[in-house]
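Residue-level listing of the chains:
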Amino acid sequence: MTPESPAQPDTLAPPDIGPLLRLSGIDKNFGPVQALVDITLEVPTGKVTALAGDNGAGKSVLIKCIAGIFAPDDGQIFWESTPVRLNSPHEAAALGIETVYQDLALCDNLDIVQNLFLGRERLRHFLLDEESMEIAARETLSSLAVTTVRSIRQPVASLSGGQRQSVAIAKSVLWNSKLVIMDEPTAALGVAQTEVVLRLIRQLADRGVAVLVVSHNMNDVFHVADRIAVLHLGRLVAVRPVTELDRQIVVDLMTTGLSDRARPELGPSAPAGQPAVAATEAPPDEPMTAVGLPEEATAAVVAADEPTTAAAKRDAVLALNPVITATSLPDYFRAALARVRGGESGVLPVLAGLVLISVLFQSLNPNFLTPGNLVNLLIQGSVFMVLAMGQIFVLLLGEIDLSIGYVGGIGGVIMAELVQESTGWPWWAAIAVGLAACAAIGALQGTIITRLRLPSFVVTLGGQLGWLGVMLIILGSGGVVPINDTVINNVASGNLSPVASWIVMLAIAGAFSAWTWLRDARRRTSGLVAPPASVSALKIAAVLAAGVAIVWLCNTNRGILIEISGVPWVLLVVLGVLAAWTLLLGRTRFGRYIYAIGGNAEAARRGGVNLARIRTLAFMLASFTAGIGGIVYASRLRSVSTSYDGGTLVLYAVAAAVIGGTSLFGGRGKVLHGVLGGLVIAAIDNGMGLQGYSAPAKYVVTALVLVAAVTIDAVARRGRTRS
Ligand SMILES: Nc1ncnc2c1ncn2[C@@H]1O[C@H](COP(=O)(O)OP(=O)(O)OP(=O)(O)O)[C@@H](O)[C@H]1O
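Residues numbered from 1 in each chain as written. Predicted model: local features only at pLDDT ≥ 70, side-chain atom pairs only at ≥ 80, totals over all residues.

A.B. asks: Mind laying out the overall build of the protein chain, listing which residues take part and the relevant values?
C.D. replies: Counting its secondary structure elements, the protein chain contains 26 helices and 14 strands. Burial statistics for the protein chain: of 723 residues in total, 47% are counted as buried. Long-range contacts, defined here as pairs at least 24 residues apart, represent 73% of the contacts in the protein chain between residues at least 6 apart. (Helix = DSSP H or I, 4+ residues; strand = E, 2+ residues; numbered from the N terminus. Buried ≥ 20, exposed ≤ 12 C-beta atoms within 10 Å, placed from the backbone. Contact = placed C-beta atoms within 7 Å.)

Put into structure tokens, the structure is as follows:
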């Protein structure tokens, strides 16, 4: 907002003590269409002002002028008696103007707390302070007596229309908004839900908030409003206390701009185009009836809070997130089962798939489940896993990056060239430059996609070809760059000693266990949403068991002529990427915005998220991670050559992410999915290899698994929408 210089025209000077918002002589035209003509309106605090008008009367344009979306062509806006210009929604929000649009601007894939704080997250030590946000959200909802919401950690997608409105209204309370503008807040709501929302609107005004409600619904208007402003063909034809109007007068004003039935105190009717009654305020001291809900409505509100059979059923689905409502282990499993039925199957399909594939290949070839083969499988899958973990950032946005295969190749070839004896770079510097080059490529492609608004599919498809060309140029006429650096070669083929393997595993599992236990226990004692202690213990036990199993497998001799044992270094690379990117996606603002954009980009934009910056960063991270994958690949082959097949790698990476459970539709997925999906692909590749199948057969089977995963994703999505 731009407070203007005092040298404004005298005629527009605000009164000394005025209402919260005053519009004076506002005009807005769209070419020949006069959307608003000379609108003068005051919006006082502590009152509900209803804005009524027929279709096309100018209601939306008027609220957009107040919300900073449209700049008026003429006229003046006064905020607390100071003339202001609202150049953007951010400037309006900074003043304390919150707009609840009809589409509600909520991200379905985020929970209530995450939606309430979207764009204004609290941080602690640079990480999201979930606990303080959850406490504040809980207090706000309970202060508004929003009781039908089962848990504030349930995704907004699972809320009913009335509950979603309640969340949107709670947002304005949480942010101490001074003026709340609501666009058709009860449209598409049932009777009971409408009553709940009207009660909340009334509560807002009673807390001293100025409320401006756009509504076509006369019942709602007369239930909740203190004053009614009527627009007709872009002109304000009446602003009066609700006690001076009745439904017929308002309908007449809306449809014709005048009313034959005007009560005596409203003054004479006027022709359309001019105020039928003086479009001015009733004197400030004029008593206005605070229209509370009649008794029967209050009863309806109470009734709405009681779950009906249908509502109880829905609540069962709402309890889908096991961490939300379960207080015991059986509860937890019941809730998890309900979640699967509601289309939130998480990693279950991929885990089931892994078991199935293992049983199948083991029955065909007893060598499949031997320690040596399983460790080989992990090493083979590491490149897909790493690439997939990068790709997930982009998939979460609902985009795709088809270039990461060859971008990773560029990282590998740059690193290989720099560690040649003739160049003499140390391994770490060569890796750093290779990764920096990949990040720069990602930033370039991301900038092109976001700034020029081009489809990521097309830009990165071009990138796939272009970076292949660049890679071949760097490889030169020889077509092969060998790598002789021991450290780099050990990335894929080195192993920790068996003792070091146990120590590292215990350190990682111990840190994870301590962190999980302390976090869950703290949340339980603070009364926050947390899993029961038995579930925390089970999670820790599962991680420990997995750690012991992996180290036992890796420590078994897998050499033929010489002994080879210990955890491969590359496994630590995969775990490192998994931990770092899980933290980034789950605990930082950047991660939260990635999910928000994937869920509802418009809601994220209205929340103040810089979409272009986040999208560009996501492409940059995907390319950077591809660089890690490229380096692992180069290390495995101890060279980079023209046979590097980045095209297949990228397809495997996308397949791994989707098979793992990440949605191609955006907004849903976890970094872990890249690892699990990568394991499936590696298992198919390895198992078919053991059976002597050729590459084409492996491609066909992998493609079928991918199609199956996409089908599960699409069906689950439909299931979620239905529920
Ligand atoms: N972006 C725009 N470009 C051109 N004309 C517009 C634009 N926005 C609104 N208008 C015009 O301005 C007039 C007022 O539209 P507005 O959307 O404010 O009506 P409304 O009262 O909100 O109607 P409804 O109840 O149907 O939503 C209409 O004639 C509409 O066509």
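A.B. asks: Let's hear about the packing of helix α16 (residues 427–451) against helix α23 (residues 611–637): which residues, and what values?
C.D. replies: In the contact formed by α16 and α23, the axes pass within 7 Å of each other and the chain directions differ by 145 degrees. As for the relative orientation of α16 and α23, their crossing is right-handed in sense. In terms of residue class, the contact of α16 with α23 is built from 17 nonpolar, nine polar and two charged. (Axes fitted to C-alpha atoms, helices over the stretch in contact; angles between N-to-C directions. Left-handed = near helix turned anticlockwise from the far one by under 90°. Nonpolar A, V, L, I, M, F, W, Y, C, P; charged D, E, K, R; others polar.)

A.B. asks: How would you explain the sheet that holds strand β2 (residues 33–43) if you had to name every residue and give the values?
C.D. replies: Whenever strands of a sheet pair, they do so through backbone hydrogen bonds, lying parallel or antiparallel. Taken together, the four strands give an open sheet; going across it, the order is β2-β1-β4-β5, and neighbouring strands pair in antiparallel fashion. Single-partner strands in this sheet number two, and they are β2 and β5 (82–84). When the angles between neighbouring strand axes are averaged without regard to direction, this sheet yields 30 degrees. Across five bridges, the pairing between strand β1 (residues 21–30) and strand β4 (residues 74–79) is antiparallel. Counted as the bridge partner of L21 is W79 from β4. (Pairing = 2+ DSSP bridges.)

A.B. asks: Could you give an account of the sheet that holds strand β12 (residues 235–241), with specific residues and numbers?
C.D. replies: Spatially, the six strands line up as an open sheet ordered β6-β9-β10-β3-β11-β12, and their pairing is mixed. In the strand order of this sheet, the two ends are held by β6 (97–100) and β12, each with one partner. Put simply, the sheet's adjacent strands are angled 15 degrees from each other on average, direction ignored. As paired elements, strand β11 (residues 227–232) and β12 share six bridges and run antiparallel to each other. Residue pairing across strands places R227 opposite P241, the latter belonging to β12. Those strands touched by helix α5 (residues 161–174) are β6 and β9 (179–183), and its axis lies near 175 degrees from that of β6. Running over the sheet, helix α6 (residues 191–206) touches β3 (48–53), β9 and β10 (210–214) and is turned about 150 degrees from β10.

A.B. asks: Give me the nonpolar core: which residues, what numbers.
C.D. replies: Residues I201, V211, V213 and A653 are the most contacted members of the largest nonpolar core, which totals 193 residues. The element best represented in this core is helix α14 (residues 371–396), accounting for 15 residues. (Core = buried A, V, L, I, M, F, W, Y, C linked by C-beta atoms within 7 Å.)

A.B. asks: Describe the confidence of the model for the protein chain, and please don't skip the residues or the numbers.
C.D. replies: Averaged over all residues, the pLDDT of the protein chain is 84; the fraction at 70 or higher stands at 86%. Here residues 1–16 is modelled with pLDDT under 50, and outside its nearest four sequence neighbours on either side it reaches 23 contacts, counting other chains as well. Interface scoring of the predicted complex returns ipTM 0.97; its pTM is 0.82. (pLDDT = per-residue confidence, 0-100.)

A.B. asks: Please give an account of the site of the ligand that cites residues and values.
C.D. replies: Close to the ligand lie F30, V33, A35, G53, N55, G56, A57, G58, K59, S60 and V61, which account for all nearby residues. Counting residues per element, the ones that place at least two in the shell around the ligand are β2 and α1 (59–66). When grouped by side-chain class, the residues that make up the shell around the ligand number five nonpolar, five polar and one charged. (Near = placed C-beta within 6 Å.)

A.B. asks: Explain the pairing of β10 to me, and be specific about the residues and the numbers.
C.D. replies: Of all the five residues making up β10, five are buried; the element is thus mostly covered by neighbouring parts of the structure. Side chains A210, L212 and V214 of β10 all project onto a buried face; the interleaved residues V211 and V213 project onto the opposite face, where all are buried too. Two elements, β3 and β10, share four bridges in a ladder whose sense is parallel. Paired with T49 across the two strands is L212, which belongs to β10. In this structure, β9 lies alongside β10, joined through five bridges in parallel fashion. Residue pairing for β10: L179 is matched across the bridge by A210.

A.B. asks: Outline the environment of S177, supporting the account with residue identities and numerical values.
C.D. replies: Mapped onto the elements, S177 comes out in the loop between α5 and β9. With 22 C-beta atoms counted inside 10 Å, the residue S177 sits in the buried group. Sequence separation of S177 and E98 is 79 residues, and the distance between their C-alpha atoms is 6.1 Å. Apart from residues lying up to four places away in sequence, S177 is in contact with G96, I97, E98, S172 and V209.

A.B. asks: Talk me through α14; I want residue IDs and the actual numbers.
C.D. replies: Taking 1.5 Å per residue, 26 residues should reach 38 Å; α14 reaches 35 Å between its end C-alpha atoms and fits that length. At S382, α14 is bent by approximately 40 degrees, the largest bend along its length. Backbone geometry just after α14 places G398 at a positive phi near 85 degrees. (Expected span 1.5 Å × (residues − 1). Bend = angle between axes of the 7 residues up to and from the residue.)

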